[in-house]
Amino acid sequence: MNTALLYRLLDADPAAGPAELLHRSRAGRHLPHLVLSALVRDGVRMGAPARAELRRARDRVAHYARLAADLARSTGVRAIRGLPLAGYYPAGLLRPMDALDLVAPDEAALWQAVIRLVTDHPVEHIDVSLLGERPHHTAVTLHWPAEDPLVDPWYRVHLTTAALPGDGSAVPVRPYLVADEHVECLIALAESCLHRPALPPGPVTLLDIAVLTSQPFAEPAETAAVLAAYRLAPEAAALLDHAAGHLPLGPLAAVRAELAPALGPEHRRRVEAATGARRSATRRGTLLRRTVIRHAWDEARFLTPSSDTPLLLTPVADYLLAPAPPASPTRTAALQALHHWDILC
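Residues numbered from 1 in each chain as written. Predicted model: local features only at pLDDT ≥ 70, side-chain atom pairs only at ≥ 80, totals over all residues. Heavy atoms only, no water.

> Just to check I follow, could you spell out helix 9 (residues 220-229) for this structure?
Along an α-helix, residues three or four positions apart point the same way, because every turn accommodates 3.6 residues. Of all the positions in helix 9, only Pro220, Thr223, Ala224 and Leu227 are classed as buried. End-on view of helix 9: buried residues confined to an arc of 100°, all on one side of the axis. Facing away from the buried side of helix 9, by more than 90 degrees, are the exposed residues Glu222 and Ala229. Just downstream of helix 9, Arg231 is the residue with a positive phi angle, here 65°. (Buried < 20%, exposed > 50% of the residue type's maximum accessible area, 1.4 Å probe, protein only. Helix = DSSP H or I, 4+ residues; strand = E, 2+ residues; numbered from the N terminus. Arc of directions from axis to C-beta.)

> How should the pairing of strand 2 (residues 100-103) be read in this particular structure?
The alternating pattern of strand 2 places Leu100 and Leu102 on one face and Asp101 and Val103 on the opposite face, and all of these are buried. Two strands pair when backbone bridges link them, and strand 1 (residues 78-80) and strand 2 are joined in this way by three bridges, in the antiparallel orientation. Along strand 2, the bridge assignment pairs Ala79 with Leu102. As defined by bridge partners, strand 2 adjoins strand 5 (residues 155-160) across four bridges and the pair is classed as parallel. Opposite Leu102, over in strand 5, you have Leu159 as the bridge partner. (Pairing = 2+ DSSP bridges.)

> Before we go on, may I ask you to explain the nonpolar core in this structure?
As a rule of thumb, soluble globular proteins bury nonpolar side chains together. The biggest cluster of nonpolar side chains holds 97 residues, and the ones touching the most others in it are Leu142 and Ile209. Contacts of Leu142, omitting those with residues within four sequence positions, involve Val114, Leu117, Val118, Val123, His125, Ile126, Tyr155, Arg156, Val157 and Leu159. (Core = buried A, V, L, I, M, F, W, Y, C linked by side-chain atoms within 4.5 Å. Contact = heavy atoms within 4.5 Å.)

> Can you walk me through a negative patch on the surface in this structure?
Negative charge collects at one region of the surface, where Asp180, Glu181, Glu219 and Glu222 lie side by side. Position of Glu222 among the secondary structure elements: in helix 9. (Patch = residues over 30% accessible without salt bridge, like charges linked within 9 Å, V, L, I, M, F, W, Y side chains within 5 Å. Areas by Shrake-Rupley, 256 points an atom, 1.4 Å probe, with all protein chains shown as cover. Salt bridge = Lys/Arg side-chain N within 4 Å of Asp/Glu carboxyl O. Lys, Arg positive; Asp, Glu negative; His and termini not counted. Charge placed at Lys NZ, Arg CZ, Asp CG, Glu CD.)

> Looking at this model, I keep getting lost on the pattern of salt bridges. Mind explaining?
Pairing is possible between side chains that carry opposite charge, provided their charged atoms lie close to one another. In total, this model carries 19 salt bridges according to the counting rule given. For Glu53, the salt bridge goes to Arg26, with nearest N and O atoms at 3.0 Å. Here Glu53 is found in helix 4 (residues 48-75), whereas its partner Arg26 is found in the loop between helix 2 (18-25) and helix 3 (31-41), with 27 residues between them in sequence. Asp208 serves as the salt-bridge partner of Arg95, at 2.8 Å between the closest nitrogen and oxygen. Residue Arg95 is found in the loop between helix 5 (82-86) and strand 2, and its partner Asp208 is found in helix 8 (residues 203-212); the two are separated by 113 residues along the sequence.

> Any chance you could explain the side chain of Asp101 here in plain terms?
With respect to the helices, strands and loops of the structure, Asp101 is situated in strand 2. Arg81 provides the closest opposite charge to the buried, salt-bridge-free Asp101, at an N-O distance of 4.2 Å. Among residues more than four places away in sequence, those in contact with Asp101 are Arg78, Ala79, Ile80, Arg81 and His158.

> Any chance you could explain the sheet that holds strand 6 (residues 283-290) here in plain terms?
Two strands in a sheet stick together by hydrogen bonds in their backbones, pointing the same way (parallel) or opposite ways (antiparallel). In space, the nine strands of this open sheet follow the order 1-2-5-4-3-6-9-8-7, with mixed pairing throughout. Bordering the open sheet on either side are strand 1 and strand 7 (301-303), each of which pairs with just one other strand. For this sheet, the mean angle separating the axes of adjacent strands, direction not counted, is 30°. As defined by bridge partners, strand 3 (residues 125-131) adjoins strand 6 across two bridges and the pair is classed as antiparallel. By the bridge assignment for strand 6, Ser129 is matched with Arg284. Where helix 4 meets the sheet, its contacts fall on strand 1, strand 2, strand 4 (137-144) and strand 5, and the angle it forms with strand 5 comes to roughly 30°. (Axes fitted to C-alpha atoms, helices over the stretch in contact; angles between N-to-C directions.)

> Just checking my understanding: could you explain the packing of aromatic side chains for this structure?
We describe a pair of aromatic rings using the distance from one ring centre to the other and the angle between the two ring planes. On inspection of all chains with the given rule, the structure shows three aromatic pairs. Relative to Tyr155, the ring of Tyr64 has its centre 5.7 Å away and its plane inclined at 90°; by these criteria the two rings are edge-to-face. You can see Tyr64 sitting in helix 4 and its partner Tyr155 sitting in strand 5, a full 91 residues away along the chain. Residue class for Tyr155 comes out buried when judged on its relative accessible area of 13%. For the pair Trp144 and Tyr155, a centre-to-centre distance of 5.6 Å together with 25° between the ring planes defines the contact as stacked. (Phe/Tyr/Trp six-rings, centres within 6.5 Å; stacked < 30°, edge-to-face > 60°.)

> Mind showing me how you'd approach the side chain of His182 here?
Residue placement: His182 occurs in helix 7 (residues 181-194). Among the residues examined, His182 registers a relative accessible area of 10% and is labelled buried. Separated by 3.1 Å, the side chains of His182 and Asp180 make a polar contact. Not counting the four nearest positions on each side in its chain, His182 is found in contact with Tyr88, Leu212, Gln215, Pro216 and Phe217. (Polar contact = N/O pair within 3.5 Å; in protein donor to acceptor, adjacent residues only side chain to side chain.)

> Got a minute to help me understand unusual backbone geometry in this structure?
A negative phi holds for most residues other than glycine; trans holds for most peptide bonds. Positive phi, normally seen in glycine, also occurs at Asp11, with a value near 55°. Residue position: Asp11 is located in the loop between helix 1 (3-9) and helix 2. A relative accessible area of 58% places Asp11 in the exposed class. Not every positive phi belongs to a glycine, and Arg231 is a case in point at roughly 65°. By secondary structure assignment, the location of Arg231 is in the loop between helix 9 and helix 10 (233-244).

Here you go:
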């Protein structure tokens, strides 16, 4: 991967120089950090503010890597998507990471990891969602301020018991990913396209494809079969077709060819699955209160004092499960139910 590819992906004129490339990158979240790292590799001189910005970005990614390694040892969660992809980038080139994505083997491991993060970091927001009905999967996102919260994005760690959430309808939740890391990364990129089908892949996604082209996809038919088994053949094919317009696909060209027979059957399967099927809504938690950490709890608990106040009590906070922000009387009733529960317990 070279700087010329960045100029093409950002539609910047090389004759305009590095300043124009950096200016165009400012429209993309975290993309300036990748451009700055590429310019440093090319020997471009830059001032102290740019060097400081890049240093903080590198420290952020290094912090995410340490977090992932520590939580893997202590709880069994593992990094997916961004951090593994960053490992394929050439030395010195900084892949943008707006969040650390982790998948837990079960709910107990997820909450153990959340407790570790809440204990060790100044976490200010904890968002919780439940995917599906029975069995449900849990997703938790934690946020805390960056080194310079006025100019740098906050730290964000997303943990889930389902590696691939699906679309809530024809593409189901798939909890586990394959053991082959670069195939897993390709699956994750295809899954991201599932959630924004109307938008073309952004520059970072195309750079991710570029670094994957240097990986050994020795059995294209097997890789295509795995993508089809994960119900992602259409997204993977569209992603590779778009990428082919910007960069050589290398071994992924053979994977794209092998995907062709799976496209028609998958489209038909989705139509049949969606016909008459009830969409599985994501239930998002509205925070009612942070609590003293409940170290003895392995899982969250449900409390339903009434039909309109379903409560989720977790090891770190309590939530009202509602499809929309609750009205004031509903919130008041939920807090009263929690207070009553406190007295009984």
